[in-house]
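In case you want the letters, here they are:
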Amino acid sequence: MEYVKSKIRDVIDFPQKGIVFKDLTTVFKDPQALNTIGKALADLYRDKGVTKVVGIESRGFIGGSILAHEIGAGFVPARKPGKLPADTVSCSYQKEYGVDTIEMHRDAIGPDDVVVLHDDVLATGGTMAAAYELVKSMNPQKIYINFIIELGALGGRNLLPAGVEVTSLIAY
Ligand code: AMP
């Protein structure tokens, strides 16, 4: 994982002043780093009977798809409003400035599913907390939460539901 870490690019003041953006495009473009991430994610969830991986738009689509493929699960996108073509469920959540919404297809998850929710970075946790509510409303057997990077200083775990297993590959 040290090799993967060495490939993460810090972009200062993106998308706004004061933010240090953890850019994973420099990880994903590196074959060895991408392969390491795929194997590490799979090692975490291979024996858990996972049937669906939910990736959060848009950077969560990359690791989420790789994880789903590695463990033989299906992939489900959680998207920004108005992007999904069929009947959707949605959840709105408070951001630092204003409100945001994510949507999933109403028939994406069923009562027999074991779900991993995946995003690239855990920051304040608002996005993942909303995604969790959405998936929970579809009553799956079990929900796990996973990130590639966790920014511990922002305390995002506090917004995530107690009792849910949360993993990250790299913590800052
Ligand atoms: P959160 O604050 O946890 O709701 O994060 C919102 C979204 O923004 C997540 O999907 C993260 O991928 C992304 N994000 C937030 N902060 C950063 C950061 N410092 N570097 C990279 N991505 C970030």
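Below, the structure is looked at part by part. Computed from a prediction, not measured in an experiment: that's the story for all the values here.

**Re the environment of I145**
With respect to the helices and strands, the residue I145 is situated in strand β8 (residues 142–150). The class of I145 is buried, set by a relative accessible area of 0%. Along the backbone, I145 and V164 are 19 residues apart, and their C-alpha atoms lie at a distance of 7.3 Å. The contact partners of I145, leaving out residues within four places of it in the chain, are Y45, L117, M128, Y132, L160, P161, V164, E165, V166 and T167.

**Notes on the environment of I170**
You can see I170 is positioned in strand β9 (residues 166–171). When near neighbours in sequence (up to four residues on either side) are disregarded, I170 contacts M1, V4, K5, I8, I148, I149 and E150.

**Examining the site of the ligand**
What surrounds the ligand is a group of 13 residues, the closest being D119, D120, T124, G125 and T127. Against a free-state accessible area of 480 Å², the protein chains account for coverage of 85% of the ligand. Here the ligand is seated within the largest pocket. Among the secondary structure elements, those contributing two or more residues to the shell around the ligand are β2 (20–23), β7 (114–122) and α5 (126–136). Across the shell around the ligand, the residue classes break down as five nonpolar, four polar and four charged.

Rules used throughout
Here the residue numbering is sequential within each chain, running from 1 through the sequence in written order. Local features in this predicted model are restricted to residues of pLDDT 70 or higher, and side-chain atom pairs are both shown and tallied only at a pLDDT of 80 or more, whereas totals for entire chains, interfaces and linings draw on every residue. Here the side-chain values reflect all heavy atoms present in the structure, with hydrogen atoms and water set aside. Note on conventions: DSSP H or I runs of at least 4 residues are helices, E runs of at least 2 residues are strands, and numbering of each starts at the N terminus. A 1.4 Å probe rolled over the protein chains alone gives each residue an accessible area, and that area as a share of the maximum for its type sets the label: buried under 20%, exposed over 50%, partly exposed in between. Contacts are assigned to residue pairs with any non-hydrogen atoms lying within 4.5 Å of each other. The criterion for a residue being near a molecule or strand is simple. One of its heavy atoms has to lie within 4 Å of it. A 1.4 Å probe and the Shrake-Rupley method give the accessible areas. Residues count as covered only by the protein chains that appear here. Lining residues are defined by having an atom within 4 Å of a point belonging to a cavity or pocket. Those points lie on a 1 Å grid over the protein atoms alone, cavities being sets where a 1.4 Å probe fits but cannot get out and pockets being open sets with protein on both sides within 12 Å along at least five of seven lines. Whether a molecule sits in a cavity or pocket is decided by its atoms, more than half of which must lie within 2 Å of the grid points. Ten residues, namely Ala, Val, Leu, Ile, Met, Phe, Trp, Tyr, Cys and Pro, are considered nonpolar, four, namely Asp, Glu, Lys and Arg, are considered charged, and the remaining ones, Gly among them, are considered polar.

Bear in mind that shape data such as this cannot, by itself, settle questions of function.
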